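Okay, here's what each chain looks like letter by letter:
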Amino acid sequence: MENITLIGMPGSGKSTVGVVLAKTLGYSFLDVDLVIQERQGKLLQELLNTLGSESFLDLEGATIRSLCPSRTVLAPGGSCVLRAGAMEHLRSLSTVVYLHLSYDALEGRIHNLATRGIAFAPGQTLRDVYDQRAPLYARYADLTVEVDGQTLDQTLAAVRAVLPPAKIHP
């Protein structure tokens, strides 16, 4: 497994940490949300609005299952854990690292819930989404890093500290 996948709630730092981690390891970086947008020719929020949450999750899962990267840090959308097939694929090709953020910290980071492109069912609150996904992140993760109150450099160092030596010194 030459790849690293960062999972966690929107706002946990998957894309931000992923870009810098990829640079420090000499890996490529792949933001799955951007792949979906590029392939569909629409923004995530537009896709969610037109497809609805369940169809969007199916699209996201199919997109993830289509990926075959090498020496890449992947940052899938926070909803990737809602499709078991997508997570099985990510686990088969990468070390999965959960960037764990408490609900209180998440609430302080997410201010644009209606426009950020977050998959949630009608009537669901941010708390509902967090409570649904947190156990799934923990289940699918090979490694977990706490990111509450961490700077980018601290989170990056924590991720590097938990990675197997072969990932850090390829």
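Residues numbered from 1 in each chain as written. Predicted model: local features only at pLDDT ≥ 70, side-chain atom pairs only at ≥ 80, totals over all residues. Heavy atoms only, no water.

**So, the overall build of the protein chain**
Broken down by element type, the protein chain carries nine helices and five strands. The order of α-helices and β-strands along the protein chain, N terminus first, is β-α-β-α-α-α-β-α-β-α-α-β-α-α. Rg of the C-alpha trace for the protein chain: 15 Å, near the compact-globule value of 15 Å for 170 residues, within the 12% margin. Considered along the principal axes of its C-alpha atoms, the protein chain spans approximately 45 × 35 × 25 Å. By residue count, 49% of the 170 residues in the protein chain fall in the buried class. (Helix = DSSP H or I, 4+ residues; strand = E, 2+ residues; numbered from the N terminus. Rg over C-alpha atoms; globule rule 2.2 N^0.38 Å. Buried < 20%, exposed > 50% of the residue type's maximum accessible area, 1.4 Å probe, protein only.)

**With respect to the confidence of the model for the protein chain**
With 92% of its residues at a pLDDT of 70 or more, the protein chain has an overall mean of 90. The element-level mean pLDDT for the protein chain is lowest in helix α9 (residues 165-168), coming to 66, with strand β3 (residues 72-75) highest at 98. (pLDDT = per-residue confidence, 0-100.)

**Here we look at helix α8 (residues 152-162)**
Those residues of α8 lying buried are T155, L156 and V159. Buried residues along α8 cover an arc of 100° about the axis, so they all sit on one side. Exposed and facing more than 90 degrees away from the buried side of α8 are D153 and A161. Where α8 is buried, its residues contact α1 (14-25), β4 (94-100) and β5 (143-146). (Arc of directions from axis to C-beta. Contact = heavy atoms within 4.5 Å.)

**Re the environment of G11**
Following the sequence through the fold, G11 ends up in the loop between β1 (3-7) and α1. Taking the C-alpha atoms as reference, G11 lies 16 Å from V159; in sequence the two are 148 residues apart.

**Some points on the nonpolar core**
When a protein is soluble and globular, its nonpolar side chains tend to lie buried together. Within the largest apolar cluster, 51 residues are counted, with the highest numbers of intra-cluster contacts made by I4 and I7. For this core, the leading source of residues is helix α7 (residues 126-140), giving seven residues. Apart from residues lying up to four places away in sequence, I7 is in contact with K14, P76, C80, V81, M87, V96, V97, Y98, L99, Y137 and A141. (Core = buried A, V, L, I, M, F, W, Y, C linked by side-chain atoms within 4.5 Å.)

**Examining the side chain of R133**
Looking at the element boundaries, R133 is found in helix α7. The buried charged residue R133 lacks any salt bridge partner; its closest oppositely charged side chain belongs to E60, at an N-O distance of 6.9 Å. (Lys, Arg positive; Asp, Glu negative; His and termini not counted. Salt bridge = Lys/Arg side-chain N within 4 Å of Asp/Glu carboxyl O.)

**Comments concerning the sheet that holds β4**
Pairing is parallel in the open sheet, where five strands are placed in the order β2-β3-β1-β4-β5. Edge positions in the sheet fall to β2 (28-31) and β5, since each of these pairs with one other strand and no more. For this sheet, the mean angle separating the axes of adjacent strands, direction not counted, is 20°. When β4 meets β5, the two strands line up parallel, connected through four bridges. Within β5, the position partnered with L99 by the bridge is V145. Across the sheet, α8 lies against β4 and β5, angled at about 155° from β5, the strand it touches most. (Pairing = 2+ DSSP bridges. Axes fitted to C-alpha atoms, helices over the stretch in contact; angles between N-to-C directions.)

**Thoughts on the packing of helix α2 (residues 32-40) against helix α4 (residues 53-65)**
One can describe the packing of α2 onto α4 by two numbers: an axis separation of 10 Å at closest approach and a directional angle of 105°. As the angle between them shows, α2 and α4 are arranged roughly perpendicular. Residues V32, D33, V35, I36, R39 and Q40 of α2 pack against F56, L59, E60, T63 and I64 of α4. Considering only residue class, the contact of α2 with α4 consists of six nonpolar, two polar and three charged. (Parallel < 35°, antiparallel > 145°, perpendicular 65-115°, else oblique. Nonpolar A, V, L, I, M, F, W, Y, C, P; charged D, E, K, R; others polar.)

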